[in-house]
Amino acid sequence: MTTKPHLIAIDLDGTLLNGEKNISERSKAAIREARNQGHHVAIATGRPYRASARYYDELSLDSPMINFNGAFVHHPLDSSFGTYHTPLDLKTAHSIVSSCNEIKVKNIMAEVIDDVYLHQHDDQIIQNMIMNESSIVTGEILKNLNHDPTSLLILPHDEQLTQLRETLHTHHAEAIEHRVWGAPWNVIEIVRIGLNKAVGLKRLAEHFNVPQERVIAFGDEDNDLEMIEYAGTGVAMGNAIDQLKNIANEITVTNEEDGIAVYLEERLNLSSHRTGQLL
């Protein structure tokens, strides 16, 4: 039976990636076979491109990509797709940084695509969140940041988290979207108002001429909510937050149990599922 082409959007952390930040062989095989059947597979992540390119290459993808939760939508291999970069207004970013400086948060990071501005040097942040090949400017962000940033990352002290989110909502609700990362990072991520993964996914669906009902999206955290809601079939991982499970059309097993592969094998009738073998 021939299945019409689907667009399959995949979040990385907590979804495609296991706890070791790797893609299992079973997941790779399922994605490879889905693509061989004519389906389109795209990464949709909050990560910047520099921190997701290795997975794009590992899966041998040739599709556009959603980074920064929709603030940067682009095609790594085809410039004719266009580059859709929707950054924060610099004045708004400076105002938020000033508020964070007043309460002395742990650290602040601004990103302009792959250029990084870090308030205070921190080896752990550089190792885990920046990657060494990036251009890093360390020091007072109010002085160094002169371009509209793609995103701001605020690292508050634990006791500041709730108060800071309330402040952002009170003073900047008309200009920004803000979310908190899952463990182990207590990070508030800020992008321009109206941006989320669903905005990028809609653009990809139009590019591939795939109707909404043939869009499948996988996610686990609150930055996946709009994407899961937009997709014709929104699939929450077994390890997803309850809020996501409540709006999802389907729930698969966890990222540690190859939830994406398990779902795709069944839904697309992949040969690995039919034969009971892992390719």
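Above this text sits the structure in question.
Quick notes on the rules
- Residues numbered from 1 in each chain as written.
- Predicted model: local features only at pLDDT ≥ 70, side-chain atom pairs only at ≥ 80, totals over all residues.
- Heavy atoms only, no water.
- Helix = DSSP H or I, 4+ residues; strand = E, 2+ residues; numbered from the N terminus.
- Rg over C-alpha atoms; globule rule 2.2 N^0.38 Å.
- Buried < 20%, exposed > 50% of the residue type's maximum accessible area, 1.4 Å probe, protein only.
- Contact = heavy atoms within 4.5 Å.
- Areas by Shrake-Rupley, 256 points an atom, 1.4 Å probe, with all protein chains shown as cover.
- Pairing = 2+ DSSP bridges.
- Axes fitted to C-alpha atoms, helices over the stretch in contact; angles between N-to-C directions.
- Expected span 1.5 Å × (residues − 1).
- Arc of directions from axis to C-beta.
- 1 Å grid on protein atoms, 1.4 Å probe; cavity = no way out; pocket = protein on both sides within 12 Å on 5 of 7 lines; lining within 4 Å.
- Points joined across faces, edges and corners; volume = space filled by probe spheres on them.
- Left-handed = near helix turned anticlockwise from the far one by under 90°.
- Phe/Tyr/Trp six-rings, centres within 6.5 Å; stacked < 30°, edge-to-face > 60°.
- Lys NZ or Arg CZ within 6 Å of the ring centre and 35° of its normal.

A.B. asks: For this particular structure, what's the right way to read the overall build of the chain?
C.D. replies: On a plain count of helices and strands, the chain comes out with 12 helices and 14 strands. Relative to the globule expectation of 19 Å for 279 residues, the C-alpha radius of gyration of the chain, 19 Å, shows essentially globular dimensions. A principal-axis box enclosing the C-alpha atoms of the chain has dimensions of 60 × 40 × 35 Å. The buried share among the 279 residues of the chain stands at 52%. Summarising the internal contacts of the chain: among those between residues at least 6 apart in sequence, 56% fall at separations of at least 24. Per element, the accessible surface of the chain, about 12800 Å² overall, is 44% carbon and sulfur.

A.B. asks: Just to check I follow, could you spell out the sheet that holds strand β5 (residues 84-85) for this structure?
C.D. replies: Adjacent strands of a sheet form backbone hydrogen bonds with each other and so pair up, either parallel or antiparallel. Strands sit in the order β3-β4-β5 across an open sheet of 3 strands; the sheet is antiparallel. Bordering the open sheet on either side are β3 (65-67) and β5, each of which pairs with just one other strand. The pairing of strand β4 (residues 72-74) with β5 spans 2 bridges and is classified as antiparallel. Bridging from a neighbouring strand, Val73 pairs with Tyr84 of β5. Along the sheet, helix α8 (residues 197-208) makes contact with β3, β4 and β5, crossing β3 at roughly 165 degrees.

A.B. asks: In this structure, what is going on with helix α7 (residues 161-172)? I would like to understand it.
C.D. replies: Residues spaced three or four apart along an α-helix face the same direction, because each turn holds 3.6 residues. Look at α7: 16 Å from first C-alpha to last across 12 residues, which is about the 16 Å you get at 1.5 Å a residue. By the burial criterion, the buried members of α7 are Leu161, Leu164, Leu168 and His172. Angularly, the buried residues of α7 cover 70 degrees about the axis, an arc narrow enough to put them on a single face. For α7, the exposed residues set more than 90 degrees away from the buried face come down to Thr162, His169 and Thr170. Here the buried face of α7 lies against α4 (90-103), β9 (151-155), β10 (176-180) and β11 (188-192).

A.B. asks: Looking at this structure, how should I read the layout of surface pockets?
C.D. replies: Over the atoms a probe the size of a water molecule is rolled, and this reveals where empty space is left. Computed from the structure, the second largest pocket encloses a volume of approximately 190 Å³. Taken together, 12 residues form the lining of the second largest pocket, with Lys106, Asp122, Gln124, Leu155 and Trp185 sitting closest to its centre.

A.B. asks: Can you walk me through unusual backbone geometry in this structure?
C.D. replies: A negative phi angle characterises most non-glycine residues, just as the trans form characterises most peptide bonds. Positioned with a positive phi, Ser60 is a non-glycine residue whose angle comes to about 55 degrees. Within the secondary structure layout, Ser60 lies in the loop between α3 (53-58) and β3. With a phi close to 60 degrees, Asp258 is a non-glycine residue in the positive phi region.

A.B. asks: Even after reading the chapter, I still don't get the packing of α4 against α7, so can you show me in this structure?
C.D. replies: A pair of packed helices is characterised by two quantities: the angle between their axes and the separation of those axes. At a minimum axis separation of 12 Å, α4 and α7 run at an interaxial angle of 145 degrees. Crossing angle aside, the handedness with which α4 passes α7 is right-handed. Contacts from Thr92, Ser95, Ile96, Cys100 and Ile103 of α4 reach α7 at Gln163, Leu164, Leu168 and His172.

A.B. asks: What should I look at first to understand the sheet that holds strand β8 (residues 135-138) in this one?
C.D. replies: Strand order in the open sheet made by the 6 strands is β8-β7-β6-β9-β11-β10, with mixed pairing throughout. Looking along the sheet, the strands with just one partner apiece sit at the ends: β8 and β10. The sheet shows a mean angle of 20 degrees between the axes of neighbouring strands, direction not considered. Across the sheet, α4 lies against β6 (107-112), β9, β10 and β11, angled at about 5 degrees from β9, the strand it touches most. α7 contacts β9, β10 and β11 of the sheet and is inclined by roughly 165 degrees relative to β10.

A.B. asks: Even after reading the chapter, I still don't get the packing of aromatic side chains, so can you show me in this structure?
C.D. replies: Remark: the centre distance and the inter-plane angle together describe each pair of aromatic rings, the angle taken between the planes. Enumeration over the complete set of coordinates arrives at 2 aromatic pairs. Note on Phe81 and Tyr84: the rings are 5.6 Å apart at their centroids and 85 degrees apart in plane angle, and the pair reads as edge-to-face. For Phe81, a relative accessible area of 8% puts it in the buried group. Look at Phe218 and Tyr263: their rings are 5.6 Å apart centre to centre, the planes differ by 80 degrees, and that puts the pair in the edge-to-face class. Placement of the pair is Phe218 in strand β12 (residues 215-219) and Tyr263 in helix α11 (residues 259-267), with a sequence separation of 45 residues. Assigned by exposure class, Phe218 and Tyr263 land together as buried. One cation-aromatic arrangement involves Arg203 over Tyr84; the distance from NZ or CZ to the ring centre is 3.6 Å.

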